[in-house]
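Examining the three-dimensional arrangement
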Amino acid sequence: MIENTVMLLIAVPVLFSFLFVALPKSLYKYLAWAFFILGVALSVSLVLDGTGVVEIGEPNFAMLENIVLILEVLVILFILGVSAKYKNWPTLGLGIISAAVFAYTFTSLPHAEGASFNIDQFSQIMILIVNIVGTAIILFATGYMDEYEEHRHLNRQKTFYFTMSFFLAAMNGLVMADTLGWLFLFWELTTLCSFVLISYNMDEEGINNGFRALALNLVGGIALSIGIILLATYDIGTLSGIGTYAGTDATTMAAVALPVALLCIGGFAKSAQMPFQSWLLGAMVAPTPVSALLHSSTMVNAGVFLVVKLVPAFAGTSLGTAIAVYGSFTFVMCSALALSQRNAKRVLAYSTIANLGLIIASAGIGTPLAVAAAIMLILFHAISKALLFLCTGEIEHTIGSRDIEDMSGLINKAPLLTSLAALGMVSMLLPPFGVLLTKWVSMEAASSNPIVIVFLILGSALTTVYYAKWMGTILSSSMDKNAVHHKKPETYFPLSFLGLAIIVTSIFVFSIYNYFIKPQVEILLQAAPEISGQAGQFTSEIGAFAYAAIFGALALAILIYFATRNMFTPRRVNYYMCGENNMEKDGLMFRNGTCSYDKSSVSNIYLQNTFGESKLTVLGYAISIILIVIALAGGVL
C-alpha cells in the first residue's frame, strides 16, 4: 500500500539514524549495506505502488501535527542557541525573525484539519534519487571516514551518520509533502542538518562555513514562510493547490505572483544560486560524502524541485521570463568561475550551481519541452555529480591532493578510479549521455528568448572546457607505474554502481521519459512535450539527433585504445627551451628574458585574470540581485 510505503520512507531513515548512534562503529558497514538495500527496495516499491494522494486525517493527524509543532520549535531553539553560543549575531538575528514569523503563523493563521502527501511522478524520481544515490553515498562513507578522521584526529562518526541518515528522512518528507506547513518543517530540517554536517570538523573554518550556510538558508526559509502566509490569505494550503488556483485564469495567476516569487527565492537560496552561492562553496570544507550528499541527492535538489513544482503559477508570465534569465545567468557565470579553479571540489561546486541554474532557467521558460528538460536534468545531474564528488574524495585519499594539476598520470596509479571519474566527466559533456541530451532540449526550448539562449550556449561551451582539461589531466600518461590496489568494496561498489547507473539511465532515457517525465509535465501544464525516441534517434519539436552513431563511435574508440595501448613504448625526453636550457643544474631550468634562470612547468590554463573569483563574483552578486528584484517586481506589478 502506498500509505505504508510513504510512512516507511520517513521512518526507516530515522530508525537508521538512531541505530548508528546506538551500535558500535564495527557494525557501521553492515548497517550501511542494509540501509542501501532497504533504500533501493522502498523507493522502487513507491514507484510500483503508483501515484496518488495520501490523506492524513484524525486521529493520526492530531498526533502528527503536534510532532511537527514540537520539531519546528526545537529547530528554532537550536538555531537561537547555537548562534548565541558562537556569538554569530547575524544568524541570531535571522533566527529571531524566523521565530517571529513562526509565532505569527501559529497564532494568526487558521489551523489545518488534515494533511496530505502527493505522490506524483516527480516525487517518485526524487525518492529514487534520495534513497538510492543517498544511501550509496552513506555506504561509500564507511570506507572513507576512518581515514578522514584519522588525519584530522576526530572521533565524531556517530554524529556524522546520525545526521546523514536523518537528512535523507527530511528529504523524503520534503519531496512527498503537499501540505505547505509540513513541507516547511522538512525544509528547515535539511537546513539544520546541512549546518551540522558542514561544521563537522569543529574547527574555525568549518564552523564559519556552517553558519554561512545556516544564515543564507534562513533568508530563503523566511522568504518561503512569508510566501506561505500570503498564500493562506487565498485559502491555499498545499503545493499542488498553488498551480490549481493560478491555472484558472490570468487574474488569479497575477494574484499569487508575489507569494510564488517568494517561494522561488527560497528555492534559489536552497539551490545556492547567485547571490546565495557562497554557502555551497563553503560546504567543501566538510567530508567528501557530505559534499556529494548536499550537491547531488538532497539539499540543492530541494530548491529546484520546488521551483519546477511552481511552474503552473508562472509559466508564460513576466515572472517566468525573469526566472529564466536569472537561472541562465547563474549558469554562464558559475561555469566561467569553474573554469578558473584548480581545486577539484570547487570545480564541482561551481558546476553544480551552474547546472542548477540551467534547471531553473528551463523551469522559467515554462514550455512543456523546457519543463521536461528540467526534470530529466535533475535526475541525470544527480547521478553524475554524486559519482564525481565521491571519485574526487577517493582521489584525494589516493594521491593526497585535490589539486587538478597533481592528478596528472592518475590513470596509471589508479586505473579503475580514473576510469569511473572520466565516465562521470564524459556524462556531463558528451552525447549520448543524458545530461547533454537534456541540455540540448533546454537550448531548443530557449530558442525564442535570445538572452537565455546566448547564456545557455556560452555556459555549455565553458562546461566543455573545464571538464575536458580535467579529464585530459587524469588520462595523461606518466612514467609512474605504481598502481594503487583497490581494497574496499564498500568504497568501490558505490562508485561502480553510480557509473553503471549513468550508462543504464542514458540507454533507457526514453523509457524514463515516457514513464515519469511526460505524465508529470501533463499534470503541471496540461500539455505534453513533443519528444520521441526510437532506433537510436532523438526527435523533438525542432529537430532530430541520431545518437546511436555516438554510441558506436565511443565503443569503437574504447576498442581501439585497448587494442593499441601496448603497441607503443613511451619515450622520455628532456624539455627543450630554444637552446637556453641549463643542463648542468636541472633539465627544467631555462634562461628567461632577464638572463636569469627559471624553472619551466606545464599545466592547464585557468585564466584567473579573466574568470577568477576576484573578477566575476562581485559582478555576479550585483546582476543576480537585480534579477531577483525584477522577479519580485513581476510578482508585485
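Just above sits the structure.
Topic: empty space enclosed by the protein
Considering all chains together, one arrives at three cavities of 30 Å³ or more under this definition. In this structure, the largest cavity occupies an estimated 80 Å³ of space. Of all elements in the fold, only α3 (60-85), α4 (89-108) and α8 (180-198) reach the threshold of two or more residues within the lining of the largest cavity. Counting residues per element, the lining of the largest cavity draws most heavily on α3, which supplies four residues. Grouping the amino acids of the lining of the largest cavity by side-chain chemistry returns six nonpolar, one polar and two charged. Put simply, the second largest cavity is a space of about 40 Å³.

A word on the pairing of strand β2 (residues 115-119)
The buried fraction of β2 is high, at five of five residues. Here strand β1 (residues 52-56) runs beside β2; their pairing, made up of five bridges, is antiparallel. If you follow valine 54 over to β2, its bridge partner there is phenylalanine 117.

Some points on the environment of isoleucine 125
When you line up the elements, isoleucine 125 lands in helix α5 (residues 121-142). A C-alpha to C-alpha distance of 9.6 Å links isoleucine 125 and isoleucine 512, two positions 387 residues apart in sequence. The contacts of isoleucine 125, once residues within four sequence positions are left out, are Ile375, Leu379, Phe516 and Ile517.

A closer look at the packing of aromatic side chains
In this structure the tally under the stated criterion is 23 aromatic pairs. Ring geometry for phenylalanine 18 against phenylalanine 162: centres 5.5 Å apart, planes inclined by 75°, an arrangement best described as edge-to-face. Linking phenylalanine 18 in helix α1 (residues 2-22) with phenylalanine 162 in helix α7 (residues 157-176), this pair joins segments that are 144 residues apart in sequence. Classification of phenylalanine 162 by relative accessible area gives partly exposed; the value is 26%.

Observations regarding α7
Helix length check: α7 (20 residues) gives 29 Å between terminal C-alpha atoms against 28 Å at 1.5 Å per residue, within 8%. For α7, the tally of buried residues reaches 17 of 20 residues, placing the bulk of the element in the interior.

A word on the environment of valine 14
Mapped onto the secondary structure, valine 14 falls in helix α1. When the C-alpha atoms of valine 14 and methionine 164 are compared, they prove to be 10.0 Å apart, with 150 residues separating the residues in sequence.

Comments concerning the pattern of salt bridges
Applying the stated criterion to the full structure yields three salt bridges. Among the ionic pairs, arginine 342 bridges to aspartate 403, the shortest N-O distance being 3.0 Å. Of this pair, arginine 342 sits in the loop between α17 (318-339) and α18 (344-365) while aspartate 403 sits in the loop between α19 (368-399) and α20 (410-413), placing them 61 residues apart in sequence.

Observations regarding the packing of helix α15 (residues 299-309) against α18
Helix-helix packing is described using two parameters, namely the angle between the two axes and the distance between the axes. Running from N to C, α15 and α18 cross one another at 10°; their axes reach a closest spacing of 9 Å. With respect to α18, the element α15 is oriented roughly parallel. Residues Val300, Asn301, Val304, Val307 and Val308 of α15 pack against Thr352, Leu356, Ile359, Ile360 and Ala363 of α18. For the contact of α15 with α18, the residue count by class is eight nonpolar, two polar and no charged.

Some details on the side chain of serine 351
Inspection of the secondary structure assignment puts serine 351 in helix α18. Side chain to side chain, serine 351 and tyrosine 466 meet in a polar contact 3.3 Å long. Among the polar contacts made by the side chain of serine 351, one reaches the side chain of tyrosine 467 at a distance of 2.8 Å. Once residues within four sequence positions are removed from consideration, serine 351 is found in contact with Ala338, His381, Lys385, Met428, Tyr466 and Tyr467.

Here we look at the packing of α17 against α18
At a minimum axis distance of 7 Å, the contact between α17 and α18 shows a crossing angle of 160°. Taken together, α17 and α18 sit at an angle that is classed as roughly antiparallel. For the crossing formed where α17 meets α18, the hand is left-handed. Between α17 and α18, the contacting residues are Gly320, Thr321, Ile323, Ala324, Gly327, Ser328, Thr330, Phe331, Cys334, Ser335, Leu337 and Ala338 on the first element and Val347, Tyr350, Ser351, Ile353, Ala354, Asn355, Gly357, Leu358, Ile360, Ala361, Gly364 and Ile365 on the second.

Structural notes on the layout of surface pockets
The gaps of empty space that remain are located by a probe, the size of a water molecule, rolled over the atoms. Estimated volume of the second largest pocket: approximately 840 Å³. When residues in the lining of the second largest pocket are grouped by element, the largest group, six residues, is from α3. For the lining of the second largest pocket, a count of residues per class yields 17 nonpolar, 11 polar and three charged.

Things to note about unusual backbone geometry
Cis geometry marks the peptide bond from methionine 274 to proline 275, where omega comes out at 10°. Looking at the element boundaries, proline 275 is found in the loop between α12 (257-270) and α13 (278-282). The backbone of alanine 272 shows a phi angle near 60°, a positive value even though the residue is not glycine. Judged by relative accessible area, alanine 272 falls into the buried class, the value being 0%.

Quick look at the nonpolar core
Core analysis: the largest hydrophobic core is formed by 219 residues, its most contacted members being Phe117, Met176, Ile242, Phe268, Trp279, Val308 and Trp470. Among the elements that line this core, the one with the most residues is α19, at 21 residues. Setting aside its immediate chain neighbours within four residues, phenylalanine 268 contacts Gln273, Phe276, Val307, Ile323, Tyr326, Ile360 and Ile628.

A word on the side chain of serine 123
Examined against the element boundaries, serine 123 turns out to sit in helix α5. Overall, serine 123 belongs to the buried group, its relative accessible area being 0%. Setting aside residues no more than four positions away along its own chain, serine 123 makes contact with Asn118, Val175, Met176, Phe305 and Lys309.

Conventions used here
- Residues numbered from 1 in each chain as written.
- Predicted model: local features only at pLDDT ≥ 70, side-chain atom pairs only at ≥ 80, totals over all residues.
- Heavy atoms only, no water.
- 1 Å grid on protein atoms, 1.4 Å probe; cavity = no way out; pocket = protein on both sides within 12 Å on 5 of 7 lines; lining within 4 Å.
- Points joined across faces, edges and corners; volume = space filled by probe spheres on them.
- Helix = DSSP H or I, 4+ residues; strand = E, 2+ residues; numbered from the N terminus.
- Nonpolar A, V, L, I, M, F, W, Y, C, P; charged D, E, K, R; others polar.
- Buried < 20%, exposed > 50% of the residue type's maximum accessible area, 1.4 Å probe, protein only.
- Pairing = 2+ DSSP bridges.
- Contact = heavy atoms within 4.5 Å.
- Phe/Tyr/Trp six-rings, centres within 6.5 Å; stacked < 30°, edge-to-face > 60°.
- Expected span 1.5 Å × (residues − 1).
- Salt bridge = Lys/Arg side-chain N within 4 Å of Asp/Glu carboxyl O.
- Axes fitted to C-alpha atoms, helices over the stretch in contact; angles between N-to-C directions.
- Parallel < 35°, antiparallel > 145°, perpendicular 65-115°, else oblique.
- Polar contact = N/O pair within 3.5 Å; in protein donor to acceptor, adjacent residues only side chain to side chain.
- Left-handed = near helix turned anticlockwise from the far one by under 90°.
- Core = buried A, V, L, I, M, F, W, Y, C linked by side-chain atoms within 4.5 Å.

None of this, on its own, says anything about what the molecule does.
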